[in-house]
Amino acid sequence: MKGAFYTGQYRNVFAELGHSQEEIAQKLKDAFHTVFYGPDDEKFYFEAGDDMGYFEDTGNFDARTEGMSYAMMMCVQMDMKNEFDRVWKWARTYMYMEDGYNKGYFAWSCKTTGEKNDLGPAPDGEEFFAMALFFASHRWGDGEGIFNYSQEARNILSACIHNGEKEPGDPIMEPENYLIRFIPSRKFSDPSYHLPHFYELFALWADPCDHEFWKKAADASRKYLHTACHFRTGLSAEYADYDGTPHAQHQEIFGRHDWYYSDAYRTIANIGMDHLWFDADPWQTENANKLQQFYCEEQAEHWDGVFLTDGTRLEEKALHPTAIIAVNAQASLAADGPYAEECVRRFWNTPLRTGERRYYDNFLYLFAMLALSGNYRIYR
């Protein structure tokens, strides 16, 4: 077993390429400072009152569980407890649904004033909330009330499996095949929601009655990604059916999502993390190599393109080009091909994105910085 879960060793890919520890630490510190406390046109963290804070999606002018939960994960990795607690209290105060059909979940979008824009969850938020809370518990210890981090995490995970069993509602995790749903009420998935490296840990720390479910979910997600990622390009669609086929239905509701576009960029980054932490699936290296080859050989001049999963380039341009550079570099945690170094060097030389669309790009940028510097770790 070579994964960091077993060895306690986390690769510092930047150091492997010759960068000094001081240089790496400063670059990481500067990036986080910019996103949290930089100029108004660069940051997207905002404090609210004496003890809360939120992250604004600067392209859509709302607060989303995606960003709030991502921020909590980043805070626990960087030992930023004050910011962690502020963001968690804002999310728990305004986003959490105490009752109703989606009881136990978080409203995926709220106005920055706290008013809910929608009463449905986006399941990647629940996953990241739970994992960040477990890590906070293990790094800082549990507190009282909503700051009893480990209990809050267990409650979220219980809802993900058991909602709908005793009262109206739907689970986030599909009970028949252990795959995560795009949203609780829809029986298809989002490949970028699949986090087997989280599920392995949930199988240790969730309610004991659910340990076996999460272990099966880890295995199911790894197998699912084999079918969701194209056999030649390594690309996945934003949404995909349970057999891995790009999901072309429901465009009248959700728009088009059967292509390699914004959401889908996270898939290869998550594969890289699963390889780093658990190294349980040799296919992950093959897929990372294919994706990097696709970009560095076939599309060397078109990293800002939009593609079908088979590599067909469309007329549209990527909405988040910096995110592409970040995740292609994070793929190097799994890749061992000729382009692993090139992708990391390209990322190292790429600055944070500025402008109104910086939110999503720079979250994926920070995740890549953490992972490639050896600072995206398991706390237990």
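Details of the structure are given in the entry above.
Now for a quick tour of the structure. (Residues numbered from 1 in each chain as written. Predicted model: local features only at pLDDT ≥ 70, side-chain atom pairs only at ≥ 80, totals over all residues. Heavy atoms only, no water.)

Thoughts on the state of the cysteines
- Applying the stated criterion across every chain yields a total of zero disulfides.
- The closest cysteine sulfur to the non-disulfide-bonded Cys296 is located on Cys343, 3.7 Å from its own sulfur.
- Taking the relative accessible area as the measure of exposure, Cys296 reaches 11% and is therefore buried. (Disulfide = S-S within 2.5 Å. Buried < 20%, exposed > 50% of the residue type's maximum accessible area, 1.4 Å probe, protein only.)

Remarks on the packing of helix H5 (residues 81-95) against helix H6 (residues 123-140)
- Relative orientation of the contacting elements H5 and H6 amounts to 140°, with a least axis distance of 12 Å. What the angle tells us is that H5 and H6 run oblique. Crossing handedness for the pair H5 and H6: left-handed. Facing H5, whose interface residues are Lys81, Phe84, Trp88 and Ala91, H6 presents Phe129, Ala132, Leu133, Ala136 and Trp140. (Axes fitted to C-alpha atoms, helices over the stretch in contact; angles between N-to-C directions. Helix = DSSP H or I, 4+ residues; strand = E, 2+ residues; numbered from the N terminus. Parallel < 35°, antiparallel > 145°, perpendicular 65-115°, else oblique. Left-handed = near helix turned anticlockwise from the far one by under 90°. Contact = heavy atoms within 4.5 Å.)

Overview of the side chain of Glu238
- Mapping Glu238 onto the fold places it in the loop between helix H9 (211-228) and helix H10 (251-254).
- One buried charged residue, Glu238, remains without a salt bridge, the closest side chain of opposite sign being Arg266 at 6.9 Å.
- A distance of 2.7 Å separates the side chain of Glu238 from the side chain of His257, its partner in a polar contact.
- Within the structure, the side chain of Glu238 is placed 2.9 Å from the backbone nitrogen of Asp263, a separation counted as a polar contact.
- In contact with Glu238, not counting residues within four places along its chain, are Asp190, Pro191, Arg256, His257, Trp259, Tyr261, Ser262, Asp263 and Ala264. (Lys, Arg positive; Asp, Glu negative; His and termini not counted. Salt bridge = Lys/Arg side-chain N within 4 Å of Asp/Glu carboxyl O. Polar contact = N/O pair within 3.5 Å; in protein donor to acceptor, adjacent residues only side chain to side chain.)

Thoughts on unusual backbone geometry
- At Phe61, a position not held by glycine, the phi torsion is positive, near 60°.
- In this fold, Phe61 is placed in the loop between strand E2 (52-55) and strand E3 (63-64).
- The phi dihedral of His250 falls on the positive side, at around 65°, and the residue is not glycine.
- You can see His250 is positioned in the loop between H9 and H10.

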